[in-house]
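One-letter residues, chain by chain:
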Amino acid sequence: MAKTNQVVFFDTTLRDGEQSPGCTMHHTEKLRMAEQLAKLGVNIIEAGFPIASTGDFESVQAIASTIGRVEGAPVIAGLARCKQLDIETAARAIEPALRNRIHLFLATSDLHLEAKLRITRAQALDQAGEMVRLARTFTDNVEFSAEDATRTDIDFLVQIVTIAIQAGATTINLPDTVGYTTPAEYQALFETMHARVPGANDVIFSTHCHDDLGMATANALAGILGGARQVECTINGIGERAGNAALEEVAAALMVRRDRFPLENSIVMTELAPSSQMLGEIISFTCAPNKAVVGANAFAHESGIHQHGVLANPLTYEIMTPASVGVTANSIVLGKHSGRRALEHRLSELGHTLSKQELDTVYHRFTELADRKKSIYDQDILGLLTEANAEVANA
Ligand code: KIV
Ligand code: ZN
């Protein structure tokens, strides 16, 4: 099962994403976003952390009993610590869904065990086994996450993952909780697990990467190369601190670099931009303009050389079409770096075909204006055209 040719997308926008500053969502907003995630084709929606608050419980339950009841809907997951009450609460919240999952987590690094949980390694092993077994009494789909896996002693990680599998976990997640790992190291971690954990081939291994060093997407992809077949990610890369691996980046990389990742997934690529836009409307910020794949500038070209190339053949400066990720068109942004060809192109879009001499006159005025003004709008260009025509008439 482990190394199938299918990469499963586990979206945690509504859980890891929602628990970060500025990303709080209300009940109806979570339902709206969950509906969009289903349309986007994610396999699993982590709908929340039911024990965290009554509001969280109700949202998870509402998503499970609406979106989760539709034939072919994503699996609805609820997060739980390795504690009985957490598990029972999560189980009640996800129960209405046709397919559901309890996602259990327990910190495994010595730092977390000692400073945060104040338990020994032996106690952690017992707790993991016992709580996975309890979760399995509610659903046959149980994920175990070894929190801070990338800073965990490797022998202990092998031990605890082995116990979780023996207790019935069906997915094993190795989170890079603090965004510390590197691609080569993370790939090797999955390879080691496959080599050393008995039963590793009977479960799916998952990545969960935070972006503290800006390597979340690269690490998630490296995890896939190491044998992981589930990726945990969020829309626009929102999440704790610097965020999570961005779903749209992982999906686009798998599409564009299929030569490196000859794997299938169920993401409806044209829903990437609409999903990003919807999230931006719901939370208190949109993604940065230069954000990969879905940022406002991801398919915008301002420099003359690039504009010339893109107008001749978009492949010169675009590795995927805007339409393939749900962006309506690339945009030729007129500014001080733009050339004559881009101006001519925009004028023709506005219904004006100019002679070479007319274009020279307008272009001269355009460069003067562009030196003074950051953004040049269509009205500016039409204004320049009127001025140029008047100049010719008065000459
Ligand atoms: O970053 C993390 O370790 C988590 C776990 C709860 C999976 O979000
Ligand atoms: Zn996380």
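Just so you know, these numbers come straight off a predicted model, no measurement behind them. (Residues numbered from 1 in each chain as written. Chains lettered and ligands numbered in written order. Predicted model: local features only at pLDDT ≥ 70, side-chain atom pairs only at ≥ 80, totals over all residues. Heavy atoms only, no water.)

### Regarding the environment of F105
Next up, step 1: Positionally, F105 belongs in strand β4 (residues 100-107).
Next up, step 2: Along the backbone, F105 and I51 are 54 residues apart, and their C-alpha atoms lie at a distance of 13 Å.
Next up, step 3: Contacts of F105, omitting those with residues within four sequence positions, involve F49, L79, A80, R81, C82, S145 and E147. (Helix = DSSP H or I, 4+ residues; strand = E, 2+ residues; numbered from the N terminus. Contact = heavy atoms within 4.5 Å.)

### Here's the deal with the coordination of the zinc ion (ligand 2)
Geometrically, a metal with four donors at the corners of a regular tetrahedron has ideal angles of 109.5 degrees, and one with six donors at the corners of a regular octahedron has ideal angles of 90 or 180 degrees.
Next up, step 1: All of the protein donors around the zinc ion (ligand 2) are D16 (OD), H208 (NE2) and H210 (NE2); their distances to the metal are 2.0 to 2.1 Å.
Next up, step 2: In primary sequence terms, the donor set of the zinc ion (ligand 2) follows D-x191-H-x1-H. Of this pair, D16 sits in helix α1 (residues 13-17) while H210 sits in the loop between β7 (204-209) and α9 (216-225), and the two are 194 residues apart along the sequence. (Donors = N, O, S within 2.8 Å, 3.2 Å for Na, K, Ca; no water.)

### Digging into the site of ligand 1
Next up, step 1: The full set of residues close to ligand 1 is R15, D16, H103, F105, S145, E147, N173, P175, T177, H208 and H210.
Next up, step 2: In this structure, H210 approaches ligand 1 through a side-chain N or O atom, which is 3.1 Å from an oxygen atom.
Next up, step 3: Within the complex, 94% of the 260 Å² of free accessible area of ligand 1 lies under protein.
Next up, step 4: Class assignment for the residues of the shell around ligand 1 results in two nonpolar, six polar and three charged. (Near = heavy atom within 4 Å. Polar contact = N/O pair within 3.5 Å; in protein donor to acceptor, adjacent residues only side chain to side chain. Areas by Shrake-Rupley, 256 points an atom, 1.4 Å probe, with all protein chains shown as cover. Nonpolar A, V, L, I, M, F, W, Y, C, P; charged D, E, K, R; others polar.)

### Let's talk about the domain arrangement of the protein
The parts lose accessible area when they come together, and the size of an interface is often stated as this lost area.
Next up, step 1: Domain boundaries assigned for the protein yield domain 1 (8-282) and domain 2 (300-394).
Next up, step 2: Residue-level contacts link eight residues of domain 1 with seven residues of domain 2.
Next up, step 3: Here domain 1 packs against domain 2, burying approximately 500 Å² in sum over the two surfaces, 73% of which is carbon and sulfur.
Next up, step 4: The interface formed by domain 1 and domain 2 holds zero salt bridges in total.
Next up, step 5: Summed over the shared surface of domain 1 and domain 2, the number is one residue pair in polar contact (both at pLDDT 80 or more).
Next up, step 6: Going through the elements one at a time, α10 (247-256) and α11 (272-282) are the ones with two or more residues in the side of domain 1 that touches domain 2.
Next up, step 7: Looking at the side of domain 1 that touches domain 2 residue by residue, the class counts come to seven nonpolar, one polar and no charged. (Domains from an automatic or database assignment. Buried area = accessible area lost by both parts, 1.4 Å probe. Salt bridge = Lys/Arg side-chain N within 4 Å of Asp/Glu carboxyl O.)

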